[in-house]
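Notes for the structure review
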Amino acid sequence: MKRRIYIQMTAIAAIASLATMLLVAFVCYELFCGQILDDLRTDAYLLKEADNLENIFKSDEIVSGRLLRVTWVDGRGAVIFENYADAAGMNNHSGRPEIVQALEEGEGEAVRRSHTVQKNSFYYAVRLEDGSVVRVAKEADSIWSVFAGIFPAMLAILASLLILCMVIARFLIKSLLAPIERIAQNAEDPVEEEAYEELVPFVATIRKQHEDILRNAGIRQEFTANVSHELKTPLTVISGYSELIENGMASGKDIVRFAGEIHRNSNRLLTLIDDVIRLSELDTSEREEEFGMVDLGEIAETCVNMLQVHAEKHGVDLRFEGEGCFVYSEKRMMEELVYNLCDNAIRYNREGGKVRVAVRSEKGRAILCVEDTGIGIGKEHQERIFERFYRVDKSRSKSTGGTGLGLAIVKHIVAKNRAVLALESEQGKGTRITVTFGV
Ligand code: ADP
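Residues numbered from 1 in each chain as written. Predicted model: local features only at pLDDT ≥ 70, side-chain atom pairs only at ≥ 80, totals over all residues. Heavy atoms only, no water.

Some remarks on helix H7 (residues 252-284)
Formally: Elements are defined by DSSP. Helices are runs of H or I of four residues or more, strands are runs of E of two residues or more, and each kind is numbered from the N terminus. Multiplying 1.5 Å by the helix residue count minus one yields the expected span of that helix. The rule is simple: take the accessible area with a 1.4 Å probe, protein chains only, and divide by the maximum for that residue type; under 20% is buried, over 50% is exposed, in between is partly exposed. Two residues form a contact once any of their heavy atoms are found within 4.5 Å.
Across its 33 residues, H7 extends 48 Å between first and last C-alpha, which sits within 8% of the 48 Å expected from 1.5 Å per residue. Where H7 is concerned, the buried positions are Phe 258, Ile 262, Asn 265, Arg 268, Leu 269, Leu 272, Asp 275, Val 276, Arg 278, Leu 279 and Leu 282. Turning to H7, the residues buried within the fold contact helix H6 (199-246), helix H10 (331-347), helix H12 (394-399) and helix H13 (406-416).

Right, dumping it as structure tokens:
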């Protein structure tokens with residue numbers, strides 16, 4: 001990258017300097033040509049206004065040709081005087097463009113480029129009172145010979161400019177990239193690296209990402225430790241009872257009881273593993289392709305019917321109130337959401353208690369409300385019950401088959417559906433959890 005920026009910057013500088021030089025040379029040459037023609041015009045008019053032209057043509061200055069080339073032709077183009085050659089031996093000039101123009105319009109100009117000599121000839125002609133024409137001429141280097149002349153100087157300037165650009169480019173690249181390189185080497189703590197203003201958001205993002213990574217790693221580590229711990233208890237029970245049976249230390253009646261314990265604890269393990277897998281699925285997948293319009297009312301009613309036996313076992317009156325109400329979601333998620341909330345409302349209830357599951361639509365928003373007259377949740381626990389493995393009463397949770405992950409799954413599902421969750425609870429009186437969709 002460094003090399004690329006360096007090469008590109010140097011190339012741009014070289015092209016820019018070369019183009020500027022060429023342009024300046026062309027413009028200057030054009031000005032120079034204009035100036036020559038202007039001077040010739042002045043000279044031609046001075047000659048025209050002179051009193052005694054023949055005397056002037058006899059003067060040393062003119063005859064020697066040191067100042068100008070002067071040609072005098074009559075109205076038909078025959079050369080009367082020429083200071084660069086013998087007038088008698090010269091061709092008729094009536095065909096020369098500047099002479100033609102001067103005869104017609106009173107004045108004429110022309111520039112002739114010589115291919116053999118690297119020179120350009122500039123001509124200016126004016127018609128005199130008597131119909132003859134005076135022409136003055138000058139030779140100047142062509143643009144190519146001007147170029148050839150200044151080429152070494154141009155090359156030297158170009159080389160110095162290039163060297164200067166290379167030094168500046170190197171310095172700029174270094175001051176641009178050095179802080180970024182230091183950030184890359186010190187990604188864990190890029191605190192010092194705020195070398196220039198544009199880097200500030202970059203550093204802030206890296207720092208935030210790094211903190212997120214650390215936090216996530218911490219959460220994951222804690223979760224792994226918790227899962228291992230949760231798995232350990234039922235496995236110890238299973239291992240203990242099966243060892244007793246294996247060693248023949250259990251009588252016929254005990255074997256049935258031990259097998260029951262083994263069965264109960266293996267179910268516990270399966271539920272726990274199911275919840276852990278589900279949570280990690282919800283954690284990682286960003287898919288929304290299974291989303292569609294699902295009838296939340298119908299799902300809740302089915303779930304309530306399914307949990308009737310479970311509710312009766314706990315002496316709880318479980319009822320559904322509400323209507324069909326569509327939400328954009330995934331059926332499985334909605335089933336899990338209603339199931340987990342109802343299951344908790346039954347398990348953390350009291351004999352003779354009630355659970356009401358309601359689905360309604362309010363201002364175009366679907367609302368699910370699960371309300372119980374159970375044991376309630378103390379203020380100090382209300383914030384934390386959605387954390388993984390957080391339980392208010394550990395033994396009650398475990399004895400009723402809880403994994404400590406139900407509400408964590410609920411929280412994830414709510415977030416995935418961009419819904420809002422509200423908890424109202426009073427210890428000893430009951431709990432109401434409301435999920436509002438489409439906010
Ligand atoms: P668990 O599997 O232990 O029920 P959850 O994540 O579903 O785990 O719930 C976390 C804790 O929140 C429970 O252990 C319980 O203490 C409390 N809780 C959840 N729902 C209710 C409720 N409806 N009434 C009283 N306490 C509840």
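Okay, back to it.
Let's talk about the pairing of strand S10 (residues 365-372)
Walk down a regular strand and you will see the side chains alternate between the two sheet faces. Going by this rule: Strands are labelled as partners when DSSP assigns at least two bridges between them.
The element S10 is largely enclosed, with a buried count of six among its eight residues. Here strand S9 (residues 354-362) folds back onto S10, and the loop between the two strands holds two residues, one of which, Lys 363, carries a positive phi near 50 degrees. Here S10 pairs with strand S12 (residues 430-436) via six bridges, running antiparallel. In the sheet register, Ile 367 faces S12, and the bridge partner there is Thr 436.

Comments concerning the confidence of the model for the protein chain
Short version of the rule: A residue's pLDDT is the confidence the predictor assigns to it, expressed on a 0 to 100 scale.
When pLDDT is averaged along the protein chain, the result is 89, and 97% of the positions lie at 70 or above. For the protein chain, the element scoring lowest by mean pLDDT is helix H3 (residues 60-64), at 79; S12 scores highest, at 98.

Focus on the packing of aromatic side chains
Put simply, the rule is: Only the six-membered ring of Trp is used, alongside the rings of Phe and Tyr, when aromatic pairs are assigned; centres must lie within 6.5 Å, and planes under 30 degrees apart are stacked while those over 60 apart are edge-to-face, with the rest tilted. Cation placement over rings: the criterion is NZ of Lys or CZ of Arg within 6 Å of the ring centroid and within 35° of the ring normal.
Applying the stated criterion to the full structure yields six aromatic pairs. Members of the aromatic cluster, joined through ring pairs, are Phe 57, Trp 72 and Phe 81. Lying across the ring of Tyr 6, Arg 170 places its NZ or CZ 5.0 Å from the centre. When the ring centre of Phe 223 is taken as origin, the NZ or CZ atom of Arg 388, which lies over that ring, is 4.8 Å away.

Considerations on the pattern of salt bridges
Applied cut-off: Within this document, salt bridges are pairs made up of a side-chain nitrogen of Lys or Arg and a carboxyl oxygen of Asp or Glu, the two lying within 4 Å of each other.
By the definition in use, this model includes 23 salt bridges. Across the pair Asp 212 and Arg 215 runs a salt bridge, and its minimum N-O distance is 2.5 Å. With Asp 212 and Arg 215 both in helix H6, this residue pair falls three residues apart, about one helical turn. As a salt-bridge pair, Arg 347 and Asp 343 come within 3.1 Å of each other at their nearest N and O atoms. Here Asp 343 and Arg 347 lie together in helix H10, a separation of four residues that amounts to about one turn. With respect to class, Arg 347 is no different from Asp 343; both count as buried.

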